[in-house]
Amino acid sequence: MNSQATVWLYCGAAVIILLAYLPLFSAVARASQSNPYAGHVMFVPVFAALLLWRERRRLRALSGQGTLLGAAVIGVALAAAVIADHASSVPFHVLSFVIALAGLGLWCYGRRALRLTAFPLAYLLLMTPPPREAVAAVAPHVQHVIAAFSAVVLDQLRIPFQQHDIFLRLPAITLKVAEECAGLRFSLILFVFMAAFARVVVPSVGGQVVLITAAIPVALLTNAARVAVTSIGAYAIGPEVVIGPVHYYIGKAFWALCLLAMVGLAWTLRATRQAELAGGTRRAHVVAEAP
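A quick note: this is a predicted structure, and the numbers were derived from the prediction, not measured.

Comments concerning unusual backbone geometry
Phi is positive for arginine 158, which is not a glycine, with a value near 60 degrees. In this fold, arginine 158 is placed in the loop between helix H9 (132-156) and strand E1 (162-164). The residue aspartate 165 is not glycine, and still its phi comes out positive at about 60 degrees. The exposure class of aspartate 165 is partly exposed, given its relative accessible area of 45%.

In C-alpha cells, the structure reads:
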C-alpha cells in the first residue's frame, strides 16, 4: 500500500474513533452541567489534544514503524465502547477511549509512540467525573478541617466566637462552612490545569510530580484561608462580607493568589532543573579539559 493510501487509512480510522465516541463526549458534557464536581472534565480533552500536538514532530519521525496490532487494539476498544454505552458506564467508556487512541498510535507509529504519548493518554482518564459517593464521603471531613482552621485563626486574633461542628457563631452572624465552601471543585480544576501546565513548563519528571501533587493541598489551604478571612471580615465589617459582592471578590482574590503560588512553584522547579543541567554541563567541560 502506498504512503498516501496509508495516510488516508489512518485518517479514516481516526474519524471512526471520534464518531464512535460521540456518545461519550455527550455524556461528559451532561455530567459537567449536572455534577457540580465535574466542571473540569470538559477541559481535559482540550489540554490532552494540546499535549499530543506538542509531540507531533517526534511522532512524525516514527512514521512507517506502525504495527497492525494497533488495529486489533482499536477493534477491542470499540467493542468495549459499545458495552460501556449500553451499561451507561462513563469510567469504562473513558478507559476504552484511551485504549482506542493508544491503538491508533500503535498502528500509525509503533510501540515507541506509546512512550511518547503516555502522559497525554493517562491525562485523558481525568475525563471521568468524580463519583458523587466519594465526594459526599470526603466533603464533611474537609468542612470540619476548614471550620477548625478558621477557629484557630479567630482565637489567635482574640475574636469572640463559638464553634459548633461546622458552624462559627460570631456576635453578629453565624457562619456555616457549607459543602460549597469546602473548595473541592476548585481543587479538582486546579489539579487538571496544573497537570497539563507541569507537563509543558517543568522539564523533569520529579518536578512535574511535585507540582501536580501540590495542587490539591495548596487549593485546600487557600480555601481555608479564604474562609478564615471571610470570618474576620464578617466580625470587623458586618454580614455584608458574607452575602454581598465583597464575598465574591474575596473568593476571586484568593483563587488568583493560589494560581500565582502554583505558577511560582512551577517556575522555581523549572529554574532549579535548568541550574542542575547547567551545573552538570560545566562539570563535564571541566572533566573534558582536565589534563
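After that view, the rundown keeps rolling.
Things to note about the sheet that holds strand E2 (residues 167-169)
Pairing within the open sheet is antiparallel, and its three strands lie in the order E1-E2-E3. A strand with exactly one partner marks an edge of an open sheet, and here the two such strands are E1 and strand E3 (174-176). Across this sheet, the average inter-strand angle for adjacent strands is 20 degrees, counted without regard to direction. Pairing of E2 with E3 involves three bridges; the strand directions are antiparallel. Looking at the pairing, arginine 169 lines up with threonine 174 of E3. H9 contacts E1 and E2 of the sheet and is inclined by roughly 25 degrees relative to E2.

Considering a nonpolar patch on the surface
Where nonpolar side chains cluster on the molecular surface, the patch consists of Ile83, Phe92, Leu95, Ile99 and Leu125 and spans about 410 Å² of accessible area. If you trace the backbone, isoleucine 99 turns up in helix H6 (residues 90-109). Since its relative accessible area comes to 35%, isoleucine 99 is described here as partly exposed.

Thoughts on the packing of helix H3 (residues 43-54) against helix H10 (residues 184-201)
At their nearest, the axes of H3 and H10 sit 10 Å apart, and the two run at 5 degrees to each other. With respect to their mutual orientation, H3 and H10 come out roughly parallel. Here Phe43, Val44, Phe47, Leu51 and Arg54 of H3 come into contact with H10, specifically with Val192, Phe193, Ala196, Arg199 and Val200. Of the residues belonging to the contact of H3 with H10, the class tally is eight nonpolar, no polar and two charged.

Considering the nonpolar core
Tyr21, Leu24, Tyr123, Leu124, Met127, Leu190 and Leu211 are the most contacted members of the largest nonpolar core, which has 46 residues in total. Setting aside anything within four residues of it in sequence, one finds tyrosine 123 in contact with Val44, Phe47, Ala48, Leu51, Val192, Ala195 and Ala196. Within the second largest apolar cluster, 14 residues are counted, among which are Val135, Val142, Ala178 and Ala224.

Notes on the layout of surface pockets
One number sums up the size of the largest pocket: a volume of about 880 Å³. Lining the largest pocket are 28 residues, and of these Leu52, Leu59, Leu101, Leu104 and Tyr109 sit closest to its centre. Among the elements of the structure, helix H1 (3-20), H3, helix H4 (56-60), H6 and helix H7 (111-116) are those that each provide at least two residues to the lining of the largest pocket. With seven residues, the top contributor of residues to the lining of the largest pocket is H6.

As for the pattern of salt bridges
Per the counting criterion, the structure on display carries two salt bridges. Between glutamate 55 and arginine 58 there is a salt bridge, with its nearest N and O atoms 2.6 Å apart. The class of glutamate 55 is buried, set by a relative accessible area of 5%. Overall, the relative accessible area of 49% leaves arginine 58 in the partly exposed class. A salt bridge links arginine 273 to glutamate 276; its shortest N-O distance comes to 3.4 Å. Residue arginine 273 and its partner glutamate 276 are both found in helix H13 (residues 245-289); the two are separated by three residues, about one turn of the helix. By relative accessible area, which is 29% here, arginine 273 ends up partly exposed. For glutamate 276, a relative accessible area of 45% translates into the label partly exposed.

Regarding H1
In this model H1 runs 26 Å from its N-terminal to its C-terminal C-alpha over 18 residues, within 8% of the 26 Å that 1.5 Å per residue would give. Among the residues of H1, Thr6, Ala13 and Ile17 are the ones counted as buried. End-on view of H1: buried residues confined to an arc of 35 degrees, all on one side of the axis. Opposite the buried face of H1, by more than 90 degrees, sit the exposed residues Gln4, Trp8 and Leu19. Looking at the packing, one finds that the buried side of H1 touches helix H5 (69-87) and H6.

Definitions and limits used
- Residues numbered from 1 in each chain as written.
- Predicted model: local features only at pLDDT ≥ 70, side-chain atom pairs only at ≥ 80, totals over all residues.
- Heavy atoms only, no water.
- Helix = DSSP H or I, 4+ residues; strand = E, 2+ residues; numbered from the N terminus.
- Buried < 20%, exposed > 50% of the residue type's maximum accessible area, 1.4 Å probe, protein only.
- Pairing = 2+ DSSP bridges.
- Axes fitted to C-alpha atoms, helices over the stretch in contact; angles between N-to-C directions.
- Contact = heavy atoms within 4.5 Å.
- Patch = residues over 30% accessible without salt bridge, like charges linked within 9 Å, V, L, I, M, F, W, Y side chains within 5 Å.
- Areas by Shrake-Rupley, 256 points an atom, 1.4 Å probe, with all protein chains shown as cover.
- Salt bridge = Lys/Arg side-chain N within 4 Å of Asp/Glu carboxyl O.
- Parallel < 35°, antiparallel > 145°, perpendicular 65-115°, else oblique.
- Nonpolar A, V, L, I, M, F, W, Y, C, P; charged D, E, K, R; others polar.
- Core = buried A, V, L, I, M, F, W, Y, C linked by side-chain atoms within 4.5 Å.
- 1 Å grid on protein atoms, 1.4 Å probe; cavity = no way out; pocket = protein on both sides within 12 Å on 5 of 7 lines; lining within 4 Å.
- Points joined across faces, edges and corners; volume = space filled by probe spheres on them.
- Expected span 1.5 Å × (residues − 1).
- Arc of directions from axis to C-beta.

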